[in-house]
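Coordinates in review
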Amino acid sequence: MNKVQNKNSKFVDIVKKPIRTIAFPLLSIIVSMFVAVLFVMWAKGYSILQYFSALGDLFGLIYKGGFGNERVTFVTISEVTPLIFTGVANAVAFKCGLFNIGVAGQFILGMLAAAFVGTLPGLNPIVHTILMIFSGLVAGGLWGAIPGYLKAKVGTHEVINTIMMNYISMALANFLILRTSFGVAGKASTETIQDSAQLHRFVSGSAANISIFLAIAVAIFIFWLLWKTTIGYEIRAVGINPHAAEYGGINVAKNTILAMVLSGAIAGIGGATQVAGVLHNVKDFMVLPTYGFDGIAVALLAKSNPIGCIASALLFGTLNSSARTLQLNGIPKDIVYLIQAIIIIFVATDYIVKYFSEKKKKEAITNE
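Heads up: these notes are all about the structure in this document. (Residues numbered from 1 in each chain as written. Predicted model: local features only at pLDDT ≥ 70, side-chain atom pairs only at ≥ 80, totals over all residues. Heavy atoms only, no water.)

1. Considerations on the overall build of the chain
If you tally the helices and strands in the chain, you get 13 helices and two strands. Against the 2.2 N^0.38 benchmark of 21 Å for 368 residues, the chain shows a C-alpha radius of gyration of 22 Å, consistent with a compact globule. On the principal axes, the C-alpha backbone points of the chain span a range of 75 × 60 × 40 Å. Across the 368 residues that make up the chain, the buried fraction comes to 47%. Of the roughly 18,900 Å² that the chain leaves accessible, carbon and sulfur atoms contribute 67%. Averaging the locations of the 27 positively and 16 negatively charged side chains of the chain gives two centres separated by 6 Å. (Helix = DSSP H or I, 4+ residues; strand = E, 2+ residues; numbered from the N terminus. Rg over C-alpha atoms; globule rule 2.2 N^0.38 Å. Buried < 20%, exposed > 50% of the residue type's maximum accessible area, 1.4 Å probe, protein only. Areas by Shrake-Rupley, 256 points an atom, 1.4 Å probe, with all protein chains shown as cover. Lys, Arg positive; Asp, Glu negative; His and termini not counted. Charge placed at Lys NZ, Arg CZ, Asp CG, Glu CD.)

Here you go:
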């Protein structure tokens with residue numbers, strides 16, 4: 001009888017855990033939509049009795065703007081792809097208890113490295129694209145290693161370092177593009193990469209390309225790495241409790257650096273595929289790429305689960321691509337940012353509640 005009860009309790013725990021994990025993100029999405037409807041009603045002049053009509057309009061226009069026809073579907077795919085890379089990059093850092101604000105800068109370094117390799121002539125298309133992606137991986141990884149090393153060896157906070165390195169990467173990119181032979185004179189951009197370095201696009205006239213499959217593959221690989229290997233176990237252990245991990249024989253400094261290298265490498269691959277599949281060159285930067293910061297929201301909503309980042313990126317990418325459709329139908333495109341902001345607030349609330357509940361448990365254990 002006891003064995004049966006133990007089996008049942010284990011089964012319940014197995015079922016409950018994933019439900020609890022996805023419950024809060026789903027709730028945050030639902031609540032954000034219901035709140036956003038109020039602003040749709042204000043913009044369209046609906047009365048309070050037409051709440052559900054406004055809700056239907058909002059959902060309908062988001063779907064229409066994201067998947068209404070082939071053209072907008074491919075726009076959505078091109079929006080989703082870099083968000084998967086930057087979301088997974090942030091998720092790796094989060095799992096190690098780190099906050100990598102520098103994903104945007106690592107994305108830029110990946111773009112620069114890919115733009116340089118992409119202009120090399122006379123290479124086989126398969127070799128050329130692999131070299132471009134690998135160059136982005138190396139550049140992003142090295143850029144991520146710097147704040148990782150400073151955190152592990154000197155103790156400086158990774159948030160401060162990565163914020164500063166974002167602007168260093170942008171300044172470096174602009175210097176190379178505008179002041180050296182790396183850029184094309186009078187165009188404020190690098191040379192267009194060779195045809196052999198360009199990733200295959202699904203249809204002509206659309207930026208959507210096969211890098212979406214690479215992004216999904218990277219997310220799956222990182223999930224496997226984090227949950228099925230010793231390396232991933234050590235990274236997660238450091239993120240949960242670095243002191244306990246160190247006591248258990250795990251090298252905290254090594255795993256801190258490794259997590260930042262992995263995070264930067266994934267962001268660098270995202271930058272490389274953006275050049276290889278979408279832009280085909282790199283223009284000078286007026287602001288940092290938003291993908292790095294949007295990736296933070298993607299990772300938070302996914303609870304730092306790399307597989308979850310695919311679904312989370314799909315949501316944020318759909319919202320971004322539907323902004324124009326909303327505006328054309330009399331709804332401010334800022335509704336998109338409002339929905340995203342409410343989602344982040346709710347997800348952050350979940351983290352705050354967990355923090356205080358864990359603090360309470362520790363105090364109770366200490367008092368005993």
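Next comes the rest of the description.
2. Section: the environment of E234
Within the secondary structure, E234 is located in helix α8 (residues 230-240). For the pair E234 and I310, spaced 76 residues apart in sequence, the C-alpha to C-alpha distance is 24 Å. Once you skip the residues sitting within four places of it in the chain, E234 turns out to touch I250, K254 and N255. (Contact = heavy atoms within 4.5 Å.)

3. Considering empty space enclosed by the protein
Over the atoms a probe the size of a water molecule is rolled, and this reveals where empty space is left. Taken as a whole and assessed by the stated rule, the structure comprises one cavity of 30 Å³ or more. Roughly 60 Å³ of internal volume is contained in the largest cavity. Counting residues per element, the ones that place at least two in the lining of the largest cavity are α3 (70-95) and α10 (252-279). Per-element tally for the lining of the largest cavity: the top contributor is α3, with five residues. Taken together, the residues of the lining of the largest cavity break down into six nonpolar, seven polar and no charged. (1 Å grid on protein atoms, 1.4 Å probe; cavity = no way out; pocket = protein on both sides within 12 Å on 5 of 7 lines; lining within 4 Å. Points joined across faces, edges and corners; volume = space filled by probe spheres on them. Nonpolar A, V, L, I, M, F, W, Y, C, P; charged D, E, K, R; others polar.)

4. Focus: the pattern of salt bridges
Side-chain pairs of opposite charge can arise where the charged atoms are in close proximity. Inspection of the entire model under this criterion finds two salt bridges. One salt bridge connects E158 with K151, and the closest N-O pair in it is separated by 3.3 Å. Exposure remark for E158: the relative accessible area of 3% places this residue in the buried category. (Salt bridge = Lys/Arg side-chain N within 4 Å of Asp/Glu carboxyl O.)

5. Topic: the packing of helix α2 (residues 51-67) against helix α12 (residues 306-328)
Interhelical geometry of α2 versus α12 gives an angle of 100° and a closest axis separation of 7 Å. The angle between α2 and α12 places the two elements in the roughly perpendicular class. Between α2 and α12, the contacting residues are L58, L61, I62, K64, G65, G66 and F67 on the first element and L314, T318, L319, S321, S322, T325 and L326 on the second. Classifying every residue of the contact of α2 with α12 by side-chain character gives seven nonpolar, six polar and one charged. (Axes fitted to C-alpha atoms, helices over the stretch in contact; angles between N-to-C directions. Parallel < 35°, antiparallel > 145°, perpendicular 65-115°, else oblique.)

6. Re the nonpolar core
Most often, soluble globular proteins keep nonpolar side chains buried together rather than apart. Within the largest apolar cluster, 89 residues are counted, with the highest numbers of intra-cluster contacts made by L58, I84, M132, I222, I266, V275 and I339. Judged by nonpolar contacts, the second largest core, of five residues, contains L109, A113, W143 and M165. (Core = buried A, V, L, I, M, F, W, Y, C linked by side-chain atoms within 4.5 Å.)

7. Points about a nonpolar patch on the surface
Together, I22, L26, I30, F34 and F52 make up a nonpolar patch on the protein surface, roughly 510 Å² of accessible area in all. Top element by residues in the nonpolar patch is helix α1 (residues 2-44). It accounts for four residues. (Patch = residues over 30% accessible without salt bridge, like charges linked within 9 Å, V, L, I, M, F, W, Y side chains within 5 Å.)

8. Considering α3
The end-to-end C-alpha distance of α3 is 37 Å, a good match for the 38 Å that 26 residues give at a rise of 1.5 Å each. Most of α3 is tucked away: 19 of the 26 residues are buried. Near the N-terminus of α3, the side chain that reaches the backbone nitrogen of R71, with its oxygen 3.0 Å away, is that of N69. Looking at the residues trailing α3, positive phi occurs at G97, about 75°. (Expected span 1.5 Å × (residues − 1). Polar contact = N/O pair within 3.5 Å; in protein donor to acceptor, adjacent residues only side chain to side chain.)

9. Remarks on the side chain of S135
Tracing the sequence through the fold places S135 in helix α5 (residues 125-154). Residues contacting S135, with those up to four places away along its chain left out, are A113, A114 and V117.

10. Remarks on the state of the cysteines
On inspection of all chains with the given rule, the structure shows zero disulfides. The thiol of C96 is not disulfide-bonded; the next cysteine sulfur, from C309, is found 16 Å away. By relative accessible area, which is 3% here, C96 ends up buried. (Disulfide = S-S within 2.5 Å.)

11. Looking at the environment of V40
Tracing the backbone shows V40 in helix α1. Sequence-wise, V40 and L58 are 18 residues apart; in three dimensions their C-alpha atoms are separated by 7.3 Å. With sequence-adjacent residues up to four places away left out, V40 is seen in contact with Y46, A54, L58, I331 and I335.

12. So, the side chain of T325
Position of T325 relative to the elements: it lies in helix α12. Leaving out residues up to four positions away in the same chain, T325 has contacts with L61, K64 and G65.

13. Let's talk about unusual backbone geometry
Located in the positive-phi region is A188, a residue other than glycine, with phi close to 55°. Structurally, the position occupied by A188 is in the loop between β1 (183-184) and β2 (189-190). Here K303, not a glycine, exhibits a phi torsion of approximately 55°, which is positive. In this fold, K303 is placed in the loop between α11 (291-301) and α12.

14. A closer look at the packing of helix α7 (residues 211-228) against α8
Put simply, α7 and α8 touch, their axes get as near as 5 Å, and they point 75° apart. When the axes of α7 and α8 are compared, the pair comes out roughly perpendicular. Counted together, L225, L226 and W227 of α7 and I231, G232, Y233, I235 and R236 of α8 form the full contact between these two elements. Considering only residue class, the contact of α7 with α8 consists of six nonpolar, one polar and one charged.

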